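Analysis of the macromolecular model
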Amino acid sequence: QVQLVESGGGLVQAGGSLRLSCAASGSIFSINAMGWYRQAPGKQRELVATIPSAGSTNYAVSVKGRFTISRDNAKNTVYLQMNSLKPEDTAVYYCNAVVIRIGLLLPKDYWGQGTQVTVSS
């Protein structure tokens with residue numbers, strides 16, 4: 001199996017910063033893309049940022065220039081540095097990884113349990 005464990009959420013004032021981390025563990029052969037998604041109350045889950053195993057990152061328009069996604073392949077960990085936070089960034093943030101498990105051929109999506117980010121005005 002594969003587990004994704006997120007950390008780093010919390011309460012911050014508008015204009016502040018937070019850094020989210022997500023570590024993948026288990027029977028991992030390789031990880032393709034990793035990313036962060038968020039879901040605010042009453043809204044659908046939306047993409048925040050993704051990062052492939054190699055290549056360009058991708059950001060939602062609403063976070064471009066404020067958030068930075070990065071990954072440490074040796075640690076199977078993805079990070080999200082969030083700066084200049086706004087109240088509208090308040091949501092549960094979910095980590096996602098596209099993983100090829102040991103002994104299997106096809107990649108599969110895995111999700112973390114979510115971490116709450118609350119930005120007060």
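So, here's what we can say about the structure. (Residues numbered from 1 in each chain as written. Predicted model: local features only at pLDDT ≥ 70, side-chain atom pairs only at ≥ 80, totals over all residues. Heavy atoms only, no water.)

1. Topic: the pattern of salt bridges
Inclusion rule: Every case where a carboxyl oxygen of Asp or Glu lies within 4 Å of a side-chain nitrogen of Lys or Arg is listed as a salt bridge. When accessible area is computed with a 1.4 Å probe and restricted to protein chains, residues below 20% of their type maximum are described as buried, those above 50% as exposed, and intermediate ones as partly exposed.
The final tally for this structure, using the stated rule, is three salt bridges. Across the pair Arg38 and Glu46 runs a salt bridge whose closest N-O atoms are separated by 2.7 Å. With relative accessibility at 6%, the residue Arg38 sits in the buried group. Classification of Glu46 as partly exposed rests on a relative accessible area of 37%. Salt bridges sharing common partners tie together Arg38, Glu46, Arg66 and Asp89.

2. Considerations on unusual backbone geometry
Heads up, the condition is: A run of H or I in DSSP becomes a helix once it reaches four residues, and a run of E becomes a strand once it reaches two; helices and strands are each numbered from the N terminus.
Its identity is not glycine, yet Asn76 carries a phi of approximately 50 degrees, on the positive side. Within the secondary structure layout, Asn76 lies in the loop between β7 (67-72) and β8 (77-82). Residues other than glycine seldom take positive phi values, yet Ser84 does so here, at roughly 50 degrees. Here Ser84 shows up in the loop between β8 and β9 (91-101).

3. Concerning the state of the cysteines
Rules: Criterion for a disulfide: a pair of cysteine sulfur atoms at a distance within 2.5 Å.
Under the definition given, this model contains one disulfide. Shown here is the disulfide that connects Cys22 with Cys95, its sulfur atoms set 2.1 Å apart. Negative torsions about the S-S bond denote left-handed disulfides, and the value of about -80 degrees found for Cys22 with Cys95 makes this one left-handed. In this pair, Cys22 sits in strand β3 (residues 18-26) while Cys95 sits in strand β9, placing the two residues 73 residues apart along the sequence. Among the residues examined, Cys22 registers a relative accessible area of 0% and is labelled buried. Residue Cys95 is classed as buried on the basis of its relative accessible area, which comes to 0%.

4. A word on the pairing of β3
Each regular strand displays side chains that alternate between the two surfaces of the sheet. This is how the line gets drawn: Two strands pair under a simple rule: DSSP has to find at least two bridges between them.
Relative to β3, strand β1 (residues 2-7) is paired through six bridges, and the arrangement is antiparallel. The residue of β3 that forms the bridge with Ser7 is Ser21.

5. Here we look at the environment of Asn83
We apply this condition: A 3.5 Å cut-off defines polar contacts: any pair of N or O atoms within that distance qualifies, except that in protein one atom must be a possible hydrogen donor and the other a possible acceptor, and neighbouring residues in sequence count only when both atoms are side-chain atoms.
Within the secondary structure, Asn83 sits in the loop between β8 and β9. Remark: the alpha-carbon pair of Asn83 and Leu18, spanning 65 residues in sequence, is separated by 6.8 Å. Polar contacts involving the side chain of Asn83 include one to the side chain of Gln81, which spans 2.9 Å.

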